[in-house]
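This is what each chain is made of:
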Amino acid sequence: MLQYELGFLGAGNMAEAIAKAAIDKGVLAPSQMIAADPSPARKDVFAKLGVAFTDSNAELISQSKQVMLAVKPQMFPKVVAELANHGTADHVLLSIMAGLRVEKINALIAEAGGKAMRIVRVMPNTPVMVAQGMAGVAVGSTCKAGDEELAMKLFSAGGKAVRVEEPLIDSITAVSGSGPGYIFYIAEAMEKAAAELGLGEHARLLVAQTLAGAAAMLQQSPDTAAELRRKVTSPKGTTEAAIAHMDSKDMMQTIVEAMKAAHRRSIELGQ
């Protein structure tokens with residue numbers, strides 16, 4: 001009998017955040033999870049959560065009903081042999097590896113001597129670490145009905161999750177997967193401006209709270225982003241002056257093109 005509902009193959013910060021959210025929201029108990037990682041330091045982190053830990057990937061795979069592939073894509077070839085040797089048709093793999101498509105993962109497993117496995121692909125983002133994540137969930141062609149259920153529960157516990165077809169995972173990557181980086185970039189620019197305007201001491205708080213408040217309005221208001229912007233842009237006012245300057249630099253289209261560049265790169269990584 002399999003001992004654990006979920007095993008984390010890779011016990012980094014993302015795995016830690018997902019495990020913590022699962023525990024906090026009652027999706028899984030600590031005793032229902034196990035993590036594997038070569039780093040002894042990660043053992044202490046998961047021990048504090050009450051989650052079992054091993055340095056043996058084979059042990060984790062053999063004892064877990066579902067296995068989350070929480071390693072970096074370039075590290076996957078180093079663990080694929082153990083998946084091929086110990087994974088079965090009853091296992092469900094939850095992959096949060098960027099770029100690696102279900103077909104590619106199964107191809108690598110086959111090359112290592114294994115059989116095709118049921119794979120659910122997930123693209124989360126880093127705000128899952130503060131329970132404000134956004135994830136896209138896609139099921140592979142070898143999955144059975146309901147294989148995505150645990151993934152949806154896990155990533156909804158860490159924020160919100162939407163079900164999409166796998167080709168749209170590249171779009172999810174460009175919008176929400178990489179999205180926090182865009183916001184941090186804007187925050188960086190706003191903090192720089194605040195400092196140049198003499199507000200260096202308060203720059204971070206002013207910017208962070210402004211972004212948090214704007215995000216809350218975007219979530220809670222029935223208005224679109226465009227309408228919310230119009231409502232704070234008084235004719236001949238300060239916001240209008242700023243928006244006019246941004247428009248003169250074609251900033252909106254620059255952002256759109258930047259996200260399309262992220263989308264193209266996601267496809268390239270998958271190939």
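The structure we're discussing is the one just above.
Residues numbered from 1 in each chain as written. Predicted model: local features only at pLDDT ≥ 70, side-chain atom pairs only at ≥ 80, totals over all residues. Heavy atoms only, no water.

1. Some remarks on the overall build of the protein chain
Next, step 1: Helices and strands together make up the secondary structure of the protein chain, namely 12 helices and eight strands.
Next, step 2: Seen along its three principal axes, the alpha-carbon backbone of the protein chain occupies a region of about 70 × 40 × 30 Å.
Next, step 3: Scored against the burial criterion, the 271 residues of the protein chain give a buried share of 38%.
Next, step 4: Taken as two groups, the 27 positive and 28 negative side-chain charges of the protein chain have centres that lie 1 Å from each other. (Helix = DSSP H or I, 4+ residues; strand = E, 2+ residues; numbered from the N terminus. Buried < 20%, exposed > 50% of the residue type's maximum accessible area, 1.4 Å probe, protein only. Lys, Arg positive; Asp, Glu negative; His and termini not counted. Charge placed at Lys NZ, Arg CZ, Asp CG, Glu CD.)

2. What about the sheet that holds strand β5 (residues 92-95)?
Whether parallel or antiparallel, the strands of a sheet pair through hydrogen bonds between backbone atoms.
Next, step 1: Strands sit in the order β3-β2-β1-β4-β5-β6-β7-β8 across an open sheet of eight strands; the sheet is mixed. Both outer strands of the open sheet, β3 (52-54) and β8 (159-163), are each paired with one neighbouring strand and no more. Adjacent strand axes in the sheet meet at a mean angle of 25°, parallel and antiparallel pairs treated alike.
Next, step 2: The pairing of strand β6 (residues 118-123) with strand β7 (residues 133-139) spans four bridges and is antiparallel. Across the sheet, residue V122 finds its bridge partner in β7, namely V137. (Pairing = 2+ DSSP bridges. Axes fitted to C-alpha atoms, helices over the stretch in contact; angles between N-to-C directions.)

3. What about helix α1 (residues 13-24)?
Residues spaced three or four apart along an α-helix face the same direction, because each turn holds 3.6 residues.
Next, step 1: The terminal C-alpha atoms of α1 lie 16 Å apart, and with 12 residues this matches the ideal 16 Å at 1.5 Å per residue to within 8%.
Next, step 2: Where α1 is concerned, the buried positions are M14, A15, A17, I18, A19, A21 and A22.
Next, step 3: Those residues of α1 hidden inside the fold are in contact with β1 (4-9), β2 (33-36), α2 (40-49), β4 (64-69) and α6 (149-157).
Next, step 4: Residue G26 follows α1 closely and has a positive phi angle near 75°. (Expected span 1.5 Å × (residues − 1). Contact = heavy atoms within 4.5 Å.)

4. Details of helix α4 (residues 76-86)
Next, step 1: Listed as buried for α4 are F76, V79, V80, L83 and A84. Axial view of α4: buried residues confined to an arc of 155°, hence all on one face. Residues of α4 that are exposed and point more than 90 degrees away from the buried face comprise K78 and N85.
Next, step 2: Where the residues of α4 are buried, they touch β1, α3 (57-63), β4, β5 and α5 (102-111). (Arc of directions from axis to C-beta.)

5. With respect to the packing of aromatic side chains
Next, step 1: Here the structure, examined in full by the defined rule, presents two aromatic pairs.
Next, step 2: Summarising the aromatic geometry, the rings of F8 and F46 are spaced 6.3 Å apart at their centres and angled 50° between planes, so their arrangement reads as tilted. One end of the pair, F8, is in strand β1; the other, F46, is in helix α2, and 38 residues separate them in sequence. We note that F8, like F46, is buried.
Next, step 3: Ring geometry for F46 against F53: centres 6.4 Å apart, planes inclined by 45°, an arrangement best described as tilted. Accessibility classification places F46 together with F53 in one group, the buried group.
Next, step 4: Within the aromatic cluster, the residues linked to one another by ring pairs are F8, F46 and F53. (Phe/Tyr/Trp six-rings, centres within 6.5 Å; stacked < 30°, edge-to-face > 60°.)

6. Some words on the layout of surface pockets
Next, step 1: Of the pockets and cavities examined, the second largest pocket occupies roughly 540 Å³.
Next, step 2: Contributing to the lining of the second largest pocket are 27 residues, with M14, K72, P73, I96 and A98 lying nearest its centre.
Next, step 3: Elements with a minimum of two residues in the lining of the second largest pocket: α1, α7 (169-177) and α12 (251-270).
Next, step 4: With four residues, α12 is the largest single contributor of residues to the lining of the second largest pocket.
Next, step 5: Looking at side-chain class alone, the lining of the second largest pocket contains 15 nonpolar, 10 polar and two charged residues. (1 Å grid on protein atoms, 1.4 Å probe; cavity = no way out; pocket = protein on both sides within 12 Å on 5 of 7 lines; lining within 4 Å. Points joined across faces, edges and corners; volume = space filled by probe spheres on them. Nonpolar A, V, L, I, M, F, W, Y, C, P; charged D, E, K, R; others polar.)

7. A closer look at the pairing of β6
Next, step 1: Taking burial as the measure, the six residues of β6 include six buried ones, the bulk of the element.
Next, step 2: Alternating residues of β6 divide into R118, V120 and V122 and I119, R121 and M123, and every residue in both groups is buried.
Next, step 3: Strand direction decides the pairing type here: β5 and β6, joined by four bridges, are parallel. The residue bridging L93 from the neighbouring strand is I119, located in β6.
Next, step 4: On the question of chirality, the crossover connecting β5 to the parallel β6 by way of α5 is right-handed. (Right-handed = clockwise from strand over helix to strand, strands pointing away.)

8. Some points on the packing of α7 against helix α8 (residues 179-196)
Next, step 1: Contact pair α7 / α8: the axes reach a minimum separation of 5 Å and the direction vectors enclose 25°. As summarised for this structure, α7 and α8 are arranged roughly parallel, according to the angle between their axes. In contact with A174, V175, S176 and G177 of α7, α8 contributes G179, P180 and Y182.
Next, step 2: Taken together, the residues of the contact of α7 with α8 sort by class into four nonpolar, three polar and no charged. (Parallel < 35°, antiparallel > 145°, perpendicular 65-115°, else oblique.)

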